[in-house]
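# Summary of the model geometry
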Amino acid sequence: MTESGFGQGPGNTIVTASDNPRWQDDGMSVNAEATVHASQSNTSSSTSAAAPANPRLGTPLDPSVDAERTKVLLLGSGELGREIAIELMRLGAWVCAADSYEGAPAQQVAHEYRVLDMANPEQLDALFAEVKPDIVIPEVEAIATSELDAVAALGVQVVPSAGIAAICMDRERLRVLAHEKLGLPTTPYRFAGSLEELRAGAETVGYPCVVKPIMSSSGHGQSIVRTPDAIDAAWHEAQVGRRAAGEGGISRVIVEALAPLDYELTVLTVSSSAGVVTCTPIGQRQESGDYRESWQPAAVDPDTLRTAKDLARRCVEGLVADAHAHGERGWGVFGVELFVLTDGSVLFNEVSPRPHDTGMVTMISQRLSEFALHARAVLGIPVSEGHVDLALGDGQVGASHAIVVEGDGRAVFSHVPQALAEPDTNLRIFNKPEVHGHRRMAVALAIGNSADDARAKAGRVADALAVTVR
């Protein structure tokens, strides 16, 4: 059993919905049946793009002034960005990979790369003016979203849209859209802009509760608060532990009830010119808010499967509708994160407007990985139900195992032949230049006859590797 957003933690106190009436406060019930109006259809939704696309592909190195080529600019060049770059290049696009440091994974494979502070509006605007991209794909959150709005206004395709990128960076805007406008079930929550407001919000949702900065990710600045005397420390952690804390200012926070969580799911959802479709749900294990393992398909009962896919579809359709209302396409892969509670209820948690780290398992479990699906969608290629099929035999499961390296220096991998000696295994080494502290440096992949078998096999790949930090 786990607690919301914090992975598996021994010794944690769990409350149940039936034991605590606050779960029904303000209509924010954990009973999915009360708030989910599920469509039982598994077909694509009718959501479509605002306008057709006809990208010019296959001549990325044409130097002429009137070259007919599609130029894609990646903002963020980590391991997920690298796979996206490879898939775009396979389809004939020109790719420039930008990041805050040199030698990032995607920069090593792209046609060109740039190094800049993407949160600096002037630097980002200068990059757009120099590269003149047709498509901009944000792959990190530390981006000056005002410049995304500006470049989208010039007719550049921002993926999935400038508006969606801004909404998904802001937990307050996202929760208001998801729960208050789309009617998706969530944990009870309040927002706070001061310590006093946080105290009042915590009293409303009750203890134990979770405090998170509005603008952050991957567990940064988050706290579990079990008693009122810990609220001050949670407020402090939200201010100093969040991403971009060095920029100063006061961050608003969300305080939400600590869900009696059984497990978490990721439902990769694809918006394309053919509409919105959902992939088979992915199970996961986290440590301190960071992904460590994932497997697909997750073992869920039929009712949970239907509800999970319906919530994911409704979430993405709502975001895409916002994009269409502003003249943007809203195409791409979304990682919809869901909580499944001990009573079987399914709650919306968050959504990433890009491929998800837990989705790296799709490099071995699906016919088209999340990265291939993302590349197709943003280029205007229709993605239907048949494109998101699993590439597994009956009863088989795919698994991924993140390889996190600790140390200070360059990470050198060896014993790769031994690690991949077992059939149905694979490995992606990210080639990140250095590690300082701890950093995800590779991922092991495997197919097994059950989730336990696949996870164990991927774990054996990781264990067989020798990593030396120099």
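Residues numbered from 1 in each chain as written. Predicted model: local features only at pLDDT ≥ 70, side-chain atom pairs only at ≥ 80, totals over all residues. Heavy atoms only, no water.

As annotated in an unreviewed UniProt entry, the protein carries the name Formate-dependent phosphoribosylglycinamide formyltransferase and comes from Bifidobacterium apri. Here the protein is described in UniProt, under the heading Subunit (unreviewed entry), as follows: "Homodimer." Under the UniProt heading Pathway (unreviewed entry), the note attached to the protein is "Purine metabolism; IMP biosynthesis via de novo pathway; N(2)-formyl-N(1)-(5-phospho-D-ribosyl)glycinamide from N(1)-(5-phospho-D-ribosyl)glycinamide (formate route): step 1/1." (UniProt positions renumbered as here; feature names shortened; annotations may be inferred.)

## Quick word on the UniProt feature "binding site: N(1)-(5-phospho-beta-D-ribosyl)glycinamide" (unreviewed entry) in the protein
UniProt annotation of "binding site: N(1)-(5-phospho-beta-D-ribosyl)glycinamide" (unreviewed entry) refers to E79, L80, E139, D357, K432, R439 and R440 when read in the numbering used here. As for its position among the elements, E139 is in the loop between β5 (135-138) and α4 (145-153). Judged by relative accessible area, E139 falls into the buried class, the value being 11%. In this structure E139 touches L74, L75, G76, L80, G81, I84, R354, P355 and H374, once residues within four positions along its chain are discounted. Tracing the backbone through its elements, the reader meets D357 in the loop between β16 (346-352) and α10 (362-365). If we skip the residues at most four places from it in the chain, D357 touches L80, Y291 and R440. (Helix = DSSP H or I, 4+ residues; strand = E, 2+ residues; numbered from the N terminus. Buried < 20%, exposed > 50% of the residue type's maximum accessible area, 1.4 Å probe, protein only. Contact = heavy atoms within 4.5 Å.)

## Considerations on the packing of helix α5 (residues 162-169) against helix α9 (residues 302-325)
Two elements in contact, α5 and α9, have axes whose closest approach is 8 Å; the angle formed by their N-to-C orientations is 135°. Between α5 and α9, the angle is such that the two are oblique. As α5 packs across α9, the resulting crossing turns out to be right-handed. Contacts between α5 and α9 pair G163, I164, I167 and C168 from the former with L319, V320, D322 and A323 from the latter. Per-class residue counts for the contact of α5 with α9 are 6 nonpolar, 1 polar and 1 charged. (Axes fitted to C-alpha atoms, helices over the stretch in contact; angles between N-to-C directions. Parallel < 35°, antiparallel > 145°, perpendicular 65-115°, else oblique. Left-handed = near helix turned anticlockwise from the far one by under 90°. Nonpolar A, V, L, I, M, F, W, Y, C, P; charged D, E, K, R; others polar.)

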